[in-house]
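The residues making up each chain are set out below.
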Amino acid sequence: PWAEGTPLTTGGAHHSTVAATPYTSQVQGAGVLYVMGGIEAKIGQPVATINRFELNDDGTLGAVEAAGDLPAPLHSFGAAIFRSTIYIAGGATTDDAPVETVYRAAIDTLGNIGEWEALSNLPEARSYHGFVAFGGFLYATGGETDAVHVDDANFSQNNTKLASTAHARIDLRSGLLSEGWVISGATMNKARSKHIALGAGGSVFVSSGLYAAAGNGSSENTFAEINADGTLASFGGATGSNTILSVGGVNLFNPAGVTYVDASGVARVMILGGDDVNNPGSKSAKVIFYQP
């Protein structure tokens, strides 16, 4: 059964959350959960606040603690942990203005976040993009290059949305992005924002969001295999019985997604909630999962 855990210091949305565990960092014990940035007030401005919780062995959370601030107020930005380092990329700052900035901060064994260090910027400002760390690379997929409100459900005007995917190699010795960002030759089938991107099965998997024809879900899922050099192969799509709509899903934007590997070594994908493209403001309670 579900149980209520330790609350945040204040309500929030459109924040980023990452967990540092012994599998992704040098943190001792079960790990630490970080909730970063977001919007705390209705129609409000983003904040730079970082909350942290100790993860207990039974899955519960310890008391909430202040863990410093982001380099700037942000919402709808990318965040990932790789080898005891938090990487954040892009997002929207005051008045929903997208940014191209990328930062990293080290996590010590007690879960404390060090000083933020600026890294190579994204090729362009983007918010509401997908962001993945996989195999020593960071990937930013799609996103919005204009100032767009979080509740905006427009999918018919897409000239400010991106179809490109940018990737950067993480130097395994220094943790820096020493080669900078590269735009992959492979683009998504359509420009897209407010979607999810996950690393699963050796591919970058993108689902949902706002794009041309999002109202009928004709291109809800797309994926590309990751090559050995970090570049992406061509994006393909799901059709027919392989779509979310075929199992009773709805056309979504701003959903949440997670991937994991089960005990048999099979990658699983799960999409949770989201807003209804065809009826903005109507939130979905459905959980859709992929079982190969």
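Rules and cut-offs
- Residues numbered from 1 in each chain as written.
- Predicted model: local features only at pLDDT ≥ 70, side-chain atom pairs only at ≥ 80, totals over all residues.
- Heavy atoms only, no water.
- Helix = DSSP H or I, 4+ residues; strand = E, 2+ residues; numbered from the N terminus.
- Rg over C-alpha atoms; globule rule 2.2 N^0.38 Å.
- Buried < 20%, exposed > 50% of the residue type's maximum accessible area, 1.4 Å probe, protein only.
- Contact = heavy atoms within 4.5 Å.
- Areas by Shrake-Rupley, 256 points an atom, 1.4 Å probe, with all protein chains shown as cover.
- Lys, Arg positive; Asp, Glu negative; His and termini not counted.
- Charge placed at Lys NZ, Arg CZ, Asp CG, Glu CD.
- Salt bridge = Lys/Arg side-chain N within 4 Å of Asp/Glu carboxyl O.
- Phe/Tyr/Trp six-rings, centres within 6.5 Å; stacked < 30°, edge-to-face > 60°.
- Lys NZ or Arg CZ within 6 Å of the ring centre and 35° of its normal.
- Pairing = 2+ DSSP bridges.
- Axes fitted to C-alpha atoms, helices over the stretch in contact; angles between N-to-C directions.

Now for the overall build of the protein. A tally of regular secondary structure across the protein gives 0 helices and 21 strands. For 292 residues, the compact-globule estimate of 2.2 N^0.38 gives 19 Å, and the protein sits close to it at 18 Å. On the principal axes, the C-alpha backbone points of the protein span a range of 50 × 45 × 40 Å. Evaluated residue by residue, the protein yields a buried proportion of 49% over its 292 residues. Restricting the contact set of the protein to residue pairs at least 6 apart, pairs at least 24 apart contribute 50%. Element-wise, carbon and sulfur atoms account for 52% of the exposed surface of the protein, whose accessible area totals about 13400 Å². Looking at the protein, you have 14 positive and 26 negative side-chain charges, and the mean spots of the two groups are 6 Å apart.

Attention shifts here to the pattern of salt bridges. Note on pairing: side chains with opposite charge can pair once their charged atoms come close. Enumeration according to the criterion identifies 6 salt bridges in this entry. In this structure, the salt-bridge partner of arginine 169 is glutamate 179, at a minimum N-O distance of 3.5 Å. Pair noted here: arginine 169 is in strand S11 (residues 165-169) and glutamate 179 is in the loop between S11 and strand S12 (181-183), with a separation of 10 residues, a long-range link. Aspartate 275 is the partner of lysine 283 in a salt bridge, and the nearest nitrogen-oxygen pair spans 2.7 Å.

Once that is clear, we can look at the packing of aromatic side chains. Overall, the coordinates contain 1 aromatic pair when judged by the stated rule. Relative to tyrosine 139, the ring of phenylalanine 137 lies with its centre 6.3 Å away and its plane at 40°, an arrangement referred to as tilted. Comparing phenylalanine 137 with tyrosine 139 shows no difference in burial state: the two are buried. Its end group placed over the ring of tyrosine 211, arginine 192 keeps NZ or CZ at 4.3 Å from the ring centre.

Moving on to the sheet that holds strand S1 (residues 16-20). Spatial ordering of the open sheet is given by S1-S2-S3-S4, a layout of 4 strands whose pairing is antiparallel. This sheet does not close on itself; its edge strands, each paired only once, are S1 and strand S4 (61-69). Neighbour-to-neighbour, the strand axes of this sheet turn through a mean angle of 25°, independent of strand direction. For strand S2 (residues 32-36) and strand S3 (residues 49-55), the ladder comprises 5 bridges, and the chain directions are antiparallel. Each residue of the ladder has a partner; that of leucine 33, found in S3, is phenylalanine 53.

Okay, the side chain of threonine 21 next. Mapped onto the elements, threonine 21 comes out in the loop between S1 and S2. Threonine 21 sits in the buried class, given a relative accessible area of 17%.

Before going further, it helps to examine the sheet that holds strand S14 (residues 203-207). The strand order across the open sheet formed by 4 strands is S13-S14-S15-S16, and the pairing between neighbours is antiparallel. Two strands close off the open sheet at either side, each with one partner strand: strand S13 (196-200) and strand S16 (236-237). As paired elements, S13 and S14 share 5 bridges and run antiparallel to each other. Paired with glycine 199 across the bridge in S14 is valine 204.

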